[in-house]
Amino acid sequence: MNESHAVDAPAASPGIAEEEILRLAREAPELGQMAVAERLRQAGIRISASGVRYLWQKHGLETAVKRLQALVQQEGEGAEVLTETQRRHLERGRLSERLARGESAAGAAAGEHEPLERRRLILDAAAQLFAAEGYDRTSIRDIARNVGLLPGSVYHYFPSKRELFLAVHREGFERTLERVRNAATSSDDPWECLERACEVHVEGIVGGSSVDRLAGSNLAISRNDDLLQEIRPHRAAYEQVFKTLVDALPLREGTDRSLLRLFLLGGMNWVYLWYREGKRNPREIAAAMVAMLRGGVQA
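Residues numbered from 1 in each chain as written. Predicted model: local features only at pLDDT ≥ 70, side-chain atom pairs only at ≥ 80, totals over all residues. Heavy atoms only, no water.

(A) Representation of the overall build of the protein chain within the structure. Helix and strand content of the protein chain: 16 helices and 0 strands. Residues classed as buried in the protein chain amount to 43% of the 299 residues present. In the protein chain, once contacts between residues fewer than 6 apart in sequence are set aside, the share between residues at least 24 apart is 62%. Here the protein chain has roughly 16000 Å² of accessible surface; of this, 49% comes from carbon and sulfur atoms. (Helix = DSSP H or I, 4+ residues; strand = E, 2+ residues; numbered from the N terminus. Buried < 20%, exposed > 50% of the residue type's maximum accessible area, 1.4 Å probe, protein only. Contact = heavy atoms within 4.5 Å. Areas by Shrake-Rupley, 256 points an atom, 1.4 Å probe, with all protein chains shown as cover.)

Next comes the structure, spelled out in structure tokens:
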């Protein structure tokens, strides 16, 4: 193995790095190479994202679908061993493989739903890579490889990476905005409406599709000001719902409602970093956050 390619510092031996990467492939197979490299860095093992990918390829685990399939085979319990989010990820990956082979998406006549399904898969793969690698470090070739298509097939649906990036956000915001608006008008109690909207927001980040998660989390993943300017109107429409919700709250005089809204949205957007399935669910997280805002935490 080429150590200079896989490991960035002599403090971590290649063997230890490889062992930890394989452990994470079993425990968190959906993590991307950047996320794995960051977790290992926090544990004192310095390895580059490309080094993680090198070791994945060595063991035939270079895609999340392959890691999930390996986990299913290793445990011998079928898909039941996976979490709900992991099962959805595996299903999308298998669908992508079928489309790449030219098979029907859902058992219908060949080609009947393929354009729509391929577009959805491309958006989902793009959202995963934009979130994990950032806009500048993600290429159309990377996205095509994750979907199992040729780059030309991606360009057939989206003329450029820029258009694909904007399409991911437009679709994510439109879908999430509709759900949040419904939640925001679901009760006469302004606190209950806020809590339900927060639940939808958190659910989109940790339990929705990759498109939903990217739209719901922090959008400042690119330093390209032009891109951020084009995204801003979609983000503003979404944040306006929370502005209306916070403005309706009965708060003590002098409360900075704008800062309160930004504080709440910022806290929810970071959930994707620490969320672990099986502990608190989105409803419990939203309820706790709103309760702390409403009642304070001082004894």
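On we go.
(B) Just helix α3 (residues 33-42), in detail. Of all the positions in α3, only Gln-33, Val-36, Ala-37 and Leu-40 are classed as buried. When α3 is viewed along its axis, its buried side chains cluster within an angular range of 100° and face the same direction. Looking at the residues trailing α3, positive phi occurs at Gly-44, about 90°. (Arc of directions from axis to C-beta.)

(C) Focus on the UniProt feature "DNA-binding region" (unreviewed entry) in the protein chain. When the UniProt feature table is mapped onto this chain, "DNA-binding region" (unreviewed entry) is found at residues 139-158. End-to-end, the C-alpha atoms of residues 139-158 are 13 Å apart, and along that stretch the chain is 75% helix and 0% strand. (UniProt positions renumbered as here; feature names shortened; annotations may be inferred.)

(D) Local environment of the packing of helix α10 (residues 161-184) against helix α11 (residues 190-206). Across the interface, α10 lies against α11 with an axial gap of 8 Å and an inter-helix angle of 160°. As summarised for this structure, α10 and α11 are arranged roughly antiparallel, according to the angle between their axes. Handedness of the α10/α11 crossing: right-handed. From α10, Arg-179, Val-180, Ala-183 and Ala-184 reach across to α11, where they touch Cys-193, Arg-196, Ala-197 and Val-200. Grouping the amino acids of the contact of α10 with α11 by side-chain chemistry returns 6 nonpolar, no polar and 2 charged. (Axes fitted to C-alpha atoms, helices over the stretch in contact; angles between N-to-C directions. Parallel < 35°, antiparallel > 145°, perpendicular 65-115°, else oblique. Left-handed = near helix turned anticlockwise from the far one by under 90°. Nonpolar A, V, L, I, M, F, W, Y, C, P; charged D, E, K, R; others polar.)

(E) Local environment of the side chain of Glu-62. Inspection of the secondary structure puts Glu-62 in the loop between α4 (49-58) and α5 (64-75). Here the side chain of Glu-62 touches Lys-66 through a polar contact of 2.7 Å, side chain to side chain. Setting aside its immediate chain neighbours within four residues, Glu-62 contacts Arg-53, Trp-56, Gln-57 and Arg-67. (Polar contact = N/O pair within 3.5 Å; in protein donor to acceptor, adjacent residues only side chain to side chain.)

(F) Spatial organisation of the packing of aromatic side chains. In the structure shown here, the tally under the stated rule is 5 aromatic pairs. Through successive ring pairs, a cluster of aromatic residues spans Phe-130, Tyr-135 and Phe-165. Against the face of Trp-56 rests Arg-67, its NZ or CZ located 3.7 Å from the ring centre. The positively charged end of Lys-161 is found above the aromatic ring belonging to Tyr-135, 4.3 Å away from the centroid. (Phe/Tyr/Trp six-rings, centres within 6.5 Å; stacked < 30°, edge-to-face > 60°. Lys NZ or Arg CZ within 6 Å of the ring centre and 35° of its normal.)

(G) How the structure looks around the packing of α11 against helix α16 (residues 282-295). In contact at an axis separation of 8 Å, α11 and α16 are set at 135° when each is read in the N-to-C sense. Between α11 and α16, the angle is such that the two are oblique. Considering only the axes of α11 and α16, their crossing is right-handed. Only Pro-282, Arg-283, Ile-285, Ala-286, Ala-287, Val-290 and Arg-294 of α16 make contact with α11, whose side of the interface consists of Trp-191, Leu-194, Glu-195, Cys-198, Glu-199, Val-202, Glu-203 and Val-206. Of the residues contributing to the contact of α11 with α16, the split by class is 10 nonpolar, no polar and 5 charged.

(H) Main features of the confidence of the model for the protein chain. On average, the protein chain scores 78 in pLDDT, and the residues at 70 or more come to 78%. The element-level mean pLDDT for the protein chain is lowest in helix α1 (residues 3-6), coming to 41, with α16 highest at 93. Overall, residues 1-12 carries pLDDT values under 50, and its contacts beyond four positions in sequence, including any with other chains, amount to 25 contacts. Considering only residues more than four positions removed or in separate chains, one finds that residues 218-222, a stretch of pLDDT under 50, has 17 contacts. (pLDDT = per-residue confidence, 0-100.)

(I) Structural view of the environment of Val-72. Structurally, Val-72 is set in helix α5. Since its relative accessible area comes to 14%, Val-72 is described here as buried. Separated by 46 residues in sequence, Val-72 and Arg-26 place their C-alpha atoms 9.6 Å apart.

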